Amino acid sequence: MKIKTKKLSFEQVRALPKPIHKKPKKRGFLFSALIRVLSFFDMLGTGFSYTTHHMEKAGDGPYLILMNHSSFIDLEIASVVRYPAPHCIVSTFDGLVGKEWLMRQIGCIPTQKFVSDFRLLSDIRYALKELKTDVLMFPEAGYSFDGCATTLPRHLGLLLKRLDVPVLHIQTYGAFARDPLYNGLQKRKVKVSATLSCLLSRDELREKSVEEIDAVIDRAFSFDSFAWQAENGIEIQEPFRADGLHRILYRCPHCESEGAMEGKGTKLTCHACGKVYELDTLGRLQAEEGETAFPHIPDWYAWEREQVRKEIEDGSYRLDAEVDIGVLADHKALYMVGSGRLIHDREGFRLTGCGGTLSYTQPPRASHSLNSDYFWYEIGDVIGIGDSQMLYYCFPKGGEPVAKARLAAEELYKMEKSEKAPAR
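Thresholds, definitions, all that
Residues numbered from 1 in each chain as written. Predicted model: local features only at pLDDT ≥ 70, side-chain atom pairs only at ≥ 80, totals over all residues. Heavy atoms only, no water. Helix = DSSP H or I, 4+ residues; strand = E, 2+ residues; numbered from the N terminus. Rg over C-alpha atoms; globule rule 2.2 N^0.38 Å. Contact = heavy atoms within 4.5 Å. Areas by Shrake-Rupley, 256 points an atom, 1.4 Å probe, with all protein chains shown as cover. Lys, Arg positive; Asp, Glu negative; His and termini not counted. Charge placed at Lys NZ, Arg CZ, Asp CG, Glu CD. Polar contact = N/O pair within 3.5 Å; in protein donor to acceptor, adjacent residues only side chain to side chain. Phe/Tyr/Trp six-rings, centres within 6.5 Å; stacked < 30°, edge-to-face > 60°. Buried < 20%, exposed > 50% of the residue type's maximum accessible area, 1.4 Å probe, protein only. Lys NZ or Arg CZ within 6 Å of the ring centre and 35° of its normal. Core = buried A, V, L, I, M, F, W, Y, C linked by side-chain atoms within 4.5 Å. Patch = residues over 30% accessible without salt bridge, like charges linked within 9 Å, V, L, I, M, F, W, Y side chains within 5 Å. Salt bridge = Lys/Arg side-chain N within 4 Å of Asp/Glu carboxyl O. Axes fitted to C-alpha atoms, helices over the stretch in contact; angles between N-to-C directions. Parallel < 35°, antiparallel > 145°, perpendicular 65-115°, else oblique. 1 Å grid on protein atoms, 1.4 Å probe; cavity = no way out; pocket = protein on both sides within 12 Å on 5 of 7 lines; lining within 4 Å. Points joined across faces, edges and corners; volume = space filled by probe spheres on them. Pairing = 2+ DSSP bridges.

Colleague: Summarise the overall build of the protein; cite the residues concerned and give the values.
Modeller: When helices and strands are counted, the protein shows twelve helices and 19 strands. The C-alpha radius of gyration computed for the protein amounts to 22 Å, which stays within 12% of the reference 22 Å derived for 424 residues, consistent with globular compactness. Each principal axis of the C-alpha atoms in the protein carries an extent, and together these give about 60 × 55 × 55 Å. A fraction of 68% describes how many contacts in the protein between residues 6 or more apart in sequence connect residues 24 or more apart. Accessible surface, the protein: about 19,100 Å² in total, of which carbon and sulfur atoms supply 52%. With 56 positive and 57 negative side-chain charges, the protein shows a spacing of 7 Å between the two charge centroids.

Below you can see the structure in the form of structure tokens.
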């Protein structure tokens, strides 16, 4: 999938009129049927099936549907599982670029990822209460990098209590293994399934505290796709299964080098020390010689998080990258405004460029996570920052790991919140 791009100067983009806010639209039957038809062949190719659990306590809808975000196929899964019931979809702002009319017809509610959006609650409430339609939401907001849940926003339970509608949960199995984000859009032959369950009835929402509801959500989003693959004997035979694995596993645990890892074919190689790992058909890593530091990919990723936190604590963490810059100011195009410099450290993000006309800062407390992605719209690996006025998409020219930037942003946020929490 690609996105419409256009070259403009930053000053021209800054002068563009802001998009007018529009209320959500209820998806009509014809669009529901069209999505069903378009999803059919993808679903057929995955041998898709699903089961339902505890739906007897759901009561009457409309429902808020929470779903883990593992793959591009997630929206198709939700459409099949809930067909023929229509639903609106909380979607990213960039998803409407160049196709706003169509995306609104299928029920998209655009929001800016990892940016405070005070109109989102009213849009979701409008869809539920006025349009009487379900609303699908991915609380992680970003795709999973390592097959486990990404950091969830705190106090999501407060949103659920205010909406006061039953909460359903869709959990997918095999979607990540079929098309992990790091693997460069290369699909594997993996069966995909899902479960649809009632996570919280209306009575449970009213009875439980915000903290208790958050705990229920945390448990529902505790998953490990690589562990699921190994435990269920899901063999992935494709010879490209390790392609791009260095996007997640960017740091060698043996020599501590960064930027020297390469995932290619079935192997992950550190070109600094020569250490080579084989990714077997069950998704486990095995060193060709010597010690296997981390057989389980999420354990390696968790170790990288620990190293990032140590760098932040000792003051050595710093991303300093030359970047190409794309800006989103409306739904018409991604405006490529030139190049610049992105710095990330203990103080947050600082983006400068475009001949001195662009200067943007973002403190660590701005968001609990970071909009980072691999091969974003087939342009390149990206780090996205911004506010309600403008979004900046930064494409590092030197191959800097965007996964590390996400880990650092999450750890900085937690440290800031902890340091400024009131004493009890």
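Following the structure, the description resumes.
Colleague: Describe in detail the environment of Lys2, supporting the description with residues and values.
Modeller: The residue Lys2 is located in the segment before β1 (5-7) in this model. The spatial distance from the C-alpha of Lys2 to the C-alpha of Ile379 is 8.0 Å, given a sequence separation of 377 residues. When neighbours within four sequence positions are excluded, Lys2 is seen to be in contact with Tyr377 and Glu378.

Colleague: Can you lay out unusual backbone geometry for me, pointing to particular residues and giving the numbers?
Modeller: Cis geometry marks the peptide bond from Gly61 to Pro62; its omega dihedral reads 5 degrees. Even without being a glycine, Asp164 presents a positive backbone phi close to 55 degrees. With respect to the secondary-structure elements, Asp164 resides in the loop between α6 (156-163) and β7 (167-173).

Colleague: Describe the side chain of Asp94, and please don't skip the residues or the numbers.
Modeller: Structurally, Asp94 is set in the loop between β4 (87-92) and α4 (100-105). Looking at Asp94, its side chain comes within polar contact range of the side chain of Thr92, at 3.2 Å. One polar contact links Asp94 to Tyr377, side chain to side chain, over a distance of 2.6 Å.

Colleague: For the packing of aromatic side chains, give the residues involved together with the corresponding values.
Modeller: The tally for this structure, following the rule as stated, stands at 13 aromatic pairs. Taking 4.5 Å as the distance between ring centres and 15 degrees as the angle between the ring planes, the aromatic pair formed by Trp376 and Tyr393 counts as stacked. Placement of the pair is Trp376 in strand β17 (residues 371-376) and Tyr393 in strand β19 (residues 391-396), with a sequence separation of 17 residues. Judged by relative accessible area, which is 5%, Trp376 ranks as buried. Taking the relative accessible area as the measure of exposure, Tyr393 reaches 3% and is therefore buried. Here the basic side chain of Arg406 rests over the ring of Phe145, its NZ or CZ set 3.8 Å away from the ring centre.

Colleague: Go over the nonpolar core with me, naming the residues and quoting the values.
Modeller: By size, the foremost hydrophobic cluster in this structure holds 61 residues, and its most contacted members are Leu245, Trp300, Leu342, Leu351, Ile383, Ile385 and Tyr392. With eight residues, helix α12 (residues 402-419) is the largest single contributor of residues to this core. Residue contacts for Leu342: discarding those within four places in its chain leaves Leu319, Asp320, Ala321, Val323, Phe349, Arg350, Leu351, Ile383, Ile385 and Cys394. Membership of the second largest hydrophobic core comes to 28 residues, among which are Val90, Leu156, Ile217 and Phe223.

Colleague: Account for a nonpolar patch on the surface, naming residues and giving values.
Modeller: On the surface, Phe29, Leu30 and Tyr83 cluster together into a nonpolar patch covering about 360 Å² of accessible area. Look at Tyr83 and you get partly exposed, because its relative accessible area is 31%.

Colleague: Can you explain the packing of α6 against helix α9 (residues 210-220)? Please cite residues and give values.
Modeller: Relative to each other, α6 and α9 sit at 110 degrees, their axes nearing to 7 Å. Regarding the angle of α6 to α9, the classification is roughly perpendicular. Of α9, the residues touching α6 (which contributes Leu156, Gly157, Leu158, Leu160 and Lys161) are Val210, Ile213, Asp214 and Ile217.

Colleague: Before we move on, could you go through the layout of surface pockets and cite the residues and values that matter?
Modeller: For the second largest pocket, the calculated volume is near 420 Å³. Lining the second largest pocket are 24 residues; nearest its centre among them are Pro19, Phe93, Gln112, Arg119 and Ser388. Per element, the largest residue contribution to the lining of the second largest pocket is four residues, and it comes from strand β5 (residues 108-111).

Colleague: Give me a positive patch on the surface: which residues, what numbers.
Modeller: Together, Arg125, Lys129, Lys132 and Arg162 line one region of the surface with positive charge. Lys132 gets classed as exposed once you look at its relative accessible area, which sits at 56%.

Colleague: Outline the sheet that holds strand β11 (residues 276-279), supporting the account with residue identities and numerical values.
Modeller: Sheet architecture is open: four strands sit in the order β9-β10-β11-β12, paired in antiparallel fashion. The open sheet has two edge strands with one neighbour each: β9 (261-264) and β12 (285-287). Neighbour-to-neighbour, the strand axes of the sheet open up by a mean angle of 25 degrees, direction not taken into account. For β11 and β12, the ladder comprises three bridges, and the chain directions are antiparallel.

Colleague: Explain the pairing of β4 to me, using residue names and the numbers behind them.
Modeller: Of all the six residues making up β4, five are buried; the element is thus mostly covered by neighbouring parts of the structure. Where β4 lies against strand β6 (residues 134-137), three bridges are found, and the strand directions are parallel. Note that in β6 the partner of His87 across the bridge is Asp134. Looking at chain direction, β4 and β5 are connected through four bridges and run parallel. Note on β5: the bridge partner recorded for Thr92 is Thr111.

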